[in-house]
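Here is how the chains run, residue by residue.
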Amino acid sequence: MILIVYWRDQLNKGNKYIEFTSNLSNKIQNKDNVIFCCIGTDRVIGDCIGPITGSLLKSKINDEFVYGDLQDNLTFSNINRKISEIKSKFKNPFIVAIDAALSDEKNIGKIFVEDNGIVMGKGLHKKKKKVGHISIKVVVGKDYNDNELNFITLQNVSLNNVMHLSKIISDGIIDVLYK
């Protein structure tokens, strides 16, 4: 019975999982000093992709390589302090920033692995902060280009979808780095 559940779980990951792990593997050439910055807050369901992924990763790998989880969120207000901590602790860290995103409706549920990290603060009309060498962006809802509507969208994202996507990301990271 456990074998069937595992098989179904892998089947449900499908092409998203294969595409994600392939893209991530292409971006991470050197597997030394890879640090994961899992950005977001657990106070808004649509923005907790990062913290949930961080908690899942910490349950599987050495937690010194993971920043941001459900107990200690990595947000706009504490990111500078955490990046300074990472740079003082690791020589030449390769930072992978993980965050939820809003986009066109056709992109909902897609996971994008991109160069150049994540720019925090865009939607907040705050000073922008770039985080990471590469990014894993997970589209959780439609971008209405309106702060109020976007916040409502983030509050109404399905927790089941967030959990599923977070599991795909954490499993994919483990597969790319350790298998």
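All of these numbers come straight from a predicted model, not from anything done at the bench. (Residues numbered from 1 in each chain as written. Predicted model: local features only at pLDDT ≥ 70, side-chain atom pairs only at ≥ 80, totals over all residues. Heavy atoms only, no water.)

Brief notes about the overall build of the chain
Using the following cut-off: In this text, helices come from DSSP runs of H or I with a minimum length of four residues, and strands from runs of E with a minimum of two, each type numbered from the N-terminal end. Throughout, exposure labels follow a simple rule: accessible area from a 1.4 Å probe, protein chains only, divided by the maximum for the residue type, with under 20% read as buried, over 50% as exposed, and the rest as partly exposed.
A tally of regular secondary structure across the chain gives five helices and seven strands. Along the chain, helices (α) and strands (β) appear in the sequence α-β-α-β-α-β-β-β-β-β-α-α when read from the amino end. Taking all 179 residues of the chain together, the buried fraction comes to 46%.

Looking at the pattern of salt bridges
The cut-off we apply is this: Salt bridge, as used here, is a side-chain nitrogen of Lys or Arg placed within 4 Å of a carboxyl oxygen of Asp or Glu.
Applying the stated criterion across every chain yields a total of seven salt bridges. Between Asp 171 and Lys 60 there is a salt bridge whose closest N-O contact spans 2.5 Å. Taken together, the residues span a long stretch of sequence, with Asp 171 in helix 5 (residues 159-178) and Lys 60 in the loop between helix 2 (49-58) and strand 2 (66-67) at a distance of 111 residues. Given a relative accessible area of 40%, Lys 60 falls into the partly exposed group. Linking Glu 64 and Lys 89 is a salt bridge whose minimum nitrogen-to-oxygen distance equals 3.8 Å. A residue pair is termed long-range when its members are at least 10 positions apart, and Glu 64 in the loop between helix 2 and strand 2 and Lys 89 in helix 3 (residues 79-89) qualify at 25 residues. Using a relative accessible area of 29% as the deciding quantity, one classes Glu 64 as partly exposed. Connected through shared salt-bridge partners, Lys 60, Lys 167 and Asp 171 make up one network.

A closer look at the packing of aromatic side chains
Selection criterion: Any two of the Phe, Tyr and Trp rings considered here, Trp counted by its six-membered ring, make a pair once their centres fall within 6.5 Å; the pair's planes then place it as stacked at under 30 degrees, edge-to-face at over 60, or tilted in between. Distance and angle both matter: a charge sits over a ring if NZ of Lys or CZ of Arg is within 6 Å of the ring centre and within 35 degrees of the ring normal.
All told, the structure shown has one aromatic pair when counted by the stated rule. Considering the side-chain rings of Phe 65 and Phe 90, the 5.7 Å spacing of their centres and the 35° angle between planes classify their relative orientation as tilted. Taken together, the positions of Phe 65 in the loop between helix 2 and strand 2 and Phe 90 in the loop between helix 3 and strand 3 (94-103) put the pair 25 residues apart, joining distant regions of the chain. A relative accessible area of 19% places Phe 65 in the buried class. A residue is classified by how much of its surface remains accessible, and Phe 90, at 8% relative accessible area, is buried. One residue, Lys 129, lies across the ring of Phe 76, its end atom 4.0 Å from the ring centre.

Section: the packing of helix 2 against helix 5
So the rule is basically this: Here an angle of 0 to 180 degrees is reported between the N-to-C directions of two axes, which are lines fitted to C-alpha atoms, with helices fitted over the stretch in contact. Relative orientations are named as follows: roughly parallel for angles under 35 degrees, roughly antiparallel for angles over 145 degrees, roughly perpendicular for angles from 65 to 115 degrees, and oblique for any other angle. If you view the pair so one helix is near and one far, a crossing is left-handed when the near helix is turned anticlockwise from the far one by less than a right angle, and right-handed when it is turned clockwise. Whether two residues are in contact is decided by their heavy atoms: any pair within 4.5 Å suffices. Any residue that is not Ala, Val, Leu, Ile, Met, Phe, Trp, Tyr, Cys, Pro, Asp, Glu, Lys or Arg is counted as polar, Gly included; the first ten are nonpolar and the last four charged.
Contact geometry for helix 2 and helix 5: axes closest at 9 Å, N-to-C directions at 45°. By the angle between their axes, helix 2 is oblique relative to helix 5. Crossing of helix 2 over helix 5 shows right-handed handedness. When helix 2 is examined against helix 5, the residues Ile 49, Ile 52, Thr 53, Leu 56 and Leu 57 are found in contact with a partner set consisting of Leu 159, Val 162, Met 163, Leu 165, Ser 166, Lys 167, Ile 169, Ser 170, Ile 173 and Ile 174. Partitioning the contact of helix 2 with helix 5 into residue classes produces 11 nonpolar, three polar and one charged.

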